[in-house]
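Next come the chains, spelled out residue by residue.
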Amino acid sequence: MLGRRIIALLMALFTLAAIPTTSVWAATTTSLAPGDVLIKPLPGVPAIGLPGDTIEIYPVEGVTIQSLQIISILHGPYDLQILGTENGIVKAKIPEDAAPDVYFLVVKSDKGEVAIPNGVWVMKEAPTVLRIVHGSDLHVTSGSKMGFVCGDYFQKSITGILEYCKNPVALHSYTATDSFMTYYGMVGQDGENVINIILATGDDVDTNGDRAGYELLDNAILHATAAGTPFISVKGNHDHPPTYYTKYIGPRYFYEVIGDFLIIGLDSRGEERHPEMEQLQWMEQVLKDHPDKIPIVLVHHPFWYISRLNGGVVENLTAFDDNDWQQIKKLASWDWVGRNGEYEDIARYFLQMVEKYNVRLVLSGHIHKDKPVLYIDKDGNEHWFYALTTTGAPDKTSNPPSQTDINRGYTKPSWYGSQIIYVYSDGKVEFPLVDDLFAEDKIISLPIPQKFIVFRQNGEEGTAVKFINELGQSVSGPIVLEIPAGAKVDPQATNITYTVLGGREIGGAYYMLLNVTVPEGVSQITVVKEADTKAPEVSIGYLSPSKPKPGQAFKVYISANDNVGIKDMKVQVIVDGKVVAEYPAFSMKPFEVKATYFTEIPGVDSESFTIKVIATDFYGNTGEAEYTHSAATTTATTTTTSSTEGGETGSTCGPAVLVGLALVPLLLRRRK
């Protein structure tokens, strides 16, 4: 009987975990996805232009566009003048008086209405230096996928990270991605060295059929783009086949012109792991049509095979020479040439185009490792290939590497990271924040999001954000919050400097844009209808295994909910009335206020003990639950306590100074 009850409880929990989240950005009166109306622009591939420019809108076949409008939190709405349709492509003009910003594109069609974040990027001026933020392998999921960090340390398990610190942070793939987007939305706005764009190189979600995961990704994209930093992405093997990718992110392959630069996005597909010949022929035509631009290529699978390279430089070779090609193909990835050379015509054609059209930068991901390769052809032209570590996924290895990792041959450090790259109008490529790009066994990517983490909680009665800033300096800039209508910042439950810049309802959701300064350490901001006096609801679901033996590790699963958001959750182990240990608990869906939390207890040296769970919200209200275990029986109780005394409160109101990229080297202090 007890076994059946446990099975029933497990099935109920799994059912709850499988319920898809509601997209907060989806500005529709129907259930339309952006890709149900448009092929392009979409949240991962915006239309780009200056005020007065003509942009192209690609409707889905059979869809008639009735009107187009752009709107941001601070600017617009502006109606786009539809100039006509040619070969199914709608030509539309950006108004001459449109303020530079990254806009939602509101599309009214005979199929319905959608509002697409990152739909149109209206530039202030065409850049002559493209300052890129590179992210990759976001692996966003609506399920549970997380790793654990503590400073420079990364581990895949709770028990592994507890060896290095008592208060680790769980980075769910969504939290990591959203932190990455939020940070570069903040620092990329003003100053002499403004970041132009965020580029992502595939595996945007963890499972290609996870529609809710794509909606979450679009929400994270919104947090960067609605704050003013545009975003472009390509698909990876986890996005293949593109069941939902082309509905929520962008087309399989595409190109964009940004001032002096040409961005080409390729699809290396799934298990094929390289673009097909037809796609590369399309790429060559694009390169021919833009001879005066500096080409930059995005493709998920790296061209070079990392284990065969010594020092990261391949030089004095050319793909146009048969003898040289025999050397090159030994260094190229099997993903591109095939284990037996069956795809080498594709790999050779691609590298020939890199040389012929002087492609200066090829960005990739997939390997979850930082791997730069400098290819110098026989004419002395430099072509940079850069594969980035994962930005949002718990990696396959640990840092420091475990014995298991070492036995599998993984010794290089790994963590969540990103990179900043400059490309100049003369083709020069620069990694401005990396001292030694080819350093062995060192982390060369930047510690975002590993050391700047943003936990958002959106409840029915308010919105709250918890920041963990370990960069060694405060971070300033704009941030976008989704809030209930009528909610305001509560200075008594906020301890960051802030200025409200504006707010607006867009497509059924209300957004607030603030300028904030996030100090070092842990801080918070709350936006509520009224001060929160409600305690979190919390209960202990079960232990796994249900009857752990003395000294045996076990997990504790907890159900929790709050009207605004839960800031912290901890689990105490009590033996004979004394607290003998305390562990943090982590949300399996940190983007929801109602979620399942869990932690792992290394073991209790007693047959009888009590597990006490304490959930604390952003106002210091606490909810508690206890679970008493003994060899004979178990009991569970739940209590709640409301208290606003002694919590992290207080605020300093005033204008926050926006930080340009000139200060980023201080913000992105790396491990020595």
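What you are looking at is a predicted structure, and each value in this text was computed from that prediction instead of being measured.

Caption draft 1: Representation of the overall build of the protein within the structure. Tallying secondary structure elements over the protein gives 11 helices and 41 strands in all. Expressed as a percentage of the 672 residues in the protein, the buried residues total 59%. In the protein, the proportion of contacts linking residues at least 24 apart, taken out of those at least 6 apart, comes to 72%. On the protein, roughly 26000 Å² of surface is accessible, and the fraction owed to carbon and sulfur atoms is 48%.

Caption draft 2: Just the sheet that holds strand S37 (residues 595-601), in detail. Across the sheet, which stays open at both edges, the 4 strands sit in the order S32-S33-S37-S36 with antiparallel pairing between neighbours. Two strands in the sheet have a free side with no partner beyond their single neighbour: strand S32 (537-544) and strand S36 (586-587). Here S32 runs beside strand S33 (residues 554-561); their pairing, made up of 7 bridges, is antiparallel. Note on S33: the bridge partner recorded for Ser 544 is Lys 555.

Caption draft 3: Main features of the sheet that holds strand S11 (residues 146-150). Taken in spatial order, the 3 strands make up an open sheet running S12-S11-S13, and their pairing is antiparallel. Across the chains shown, the open sheet's two edge strands, defined by having one partner strand only, are strand S12 (153-155) and strand S13 (169-172). On average, each strand axis in the sheet is inclined to that of its neighbour by 30 degrees, with strand direction left out of account. For S11 and S13, the ladder comprises 4 bridges, and the chain directions are antiparallel. The residue of S13 that forms the bridge with Phe 148 is Ala 170.

Caption draft 4: Spatial organisation of empty space enclosed by the protein. What the rule picks out here adds up to 2 cavities of 30 Å³ or more. In this structure, the largest cavity encloses a volume near 70 Å³. In this structure, the largest cavity is lined by Pro 302, Phe 303, Trp 304, Ile 306, Val 362, Leu 363, Ser 364, Lys 371, Val 373, Phe 385, Tyr 386 and Ala 387. Of all the secondary structure elements, the ones that give two or more residues to the lining of the largest cavity are strand S20 (361-364), strand S21 (371-377) and strand S22 (382-387). Within this model, the second largest cavity holds a volume of roughly 40 Å³.

Caption draft 5: How the structure looks around the environment of Thr 397. By secondary structure assignment, the location of Thr 397 is in the loop between S22 and helix H10 (403-407). Judged by relative accessible area, which is 2%, Thr 397 ranks as buried. Sequence separation of Thr 397 and Pro 413 is 16 residues, and the distance between their C-alpha atoms is 8.1 Å. Once residues within four sequence positions are removed from consideration, Thr 397 is found in contact with Phe 154, Lys 156, Lys 369, Asp 405, Tyr 410 and Ser 414. In terms of polar contacts, Thr 397 uses its side chain to reach the side chain of Lys 369, at 3.1 Å.

Caption draft 6: Layout of helix H3 (residues 173-187). With 15 residues, H3 extends 22 Å between its outermost C-alpha atoms, agreeing within 8% with the 21 Å of an ideal straight helix rising 1.5 Å per residue. Most of H3 is tucked away, with 15 of its 15 residues classed as buried.

Caption draft 7: Just the state of the cysteines, in detail. Tallied over the entire structure, the rule returns 1 disulfide. The disulfide bridge from Cys 150 ends at Cys 165, spanning 2.4 Å between sulfur atoms. In this pair, Cys 150 sits in strand S11 while Cys 165 sits in the loop between helix H2 (158-161) and S13, placing the two residues 15 residues apart along the sequence. When sorted by exposure, Cys 150 lands in the same class as Cys 165, which is buried.

Criteria and thresholds
Residues numbered from 1 in each chain as written. Predicted model: local features only at pLDDT ≥ 70, side-chain atom pairs only at ≥ 80, totals over all residues. Heavy atoms only, no water. Helix = DSSP H or I, 4+ residues; strand = E, 2+ residues; numbered from the N terminus. Buried < 20%, exposed > 50% of the residue type's maximum accessible area, 1.4 Å probe, protein only. Contact = heavy atoms within 4.5 Å. Areas by Shrake-Rupley, 256 points an atom, 1.4 Å probe, with all protein chains shown as cover. Pairing = 2+ DSSP bridges. Axes fitted to C-alpha atoms, helices over the stretch in contact; angles between N-to-C directions. 1 Å grid on protein atoms, 1.4 Å probe; cavity = no way out; pocket = protein on both sides within 12 Å on 5 of 7 lines; lining within 4 Å. Points joined across faces, edges and corners; volume = space filled by probe spheres on them. Polar contact = N/O pair within 3.5 Å; in protein donor to acceptor, adjacent residues only side chain to side chain. Expected span 1.5 Å × (residues − 1). Disulfide = S-S within 2.5 Å.

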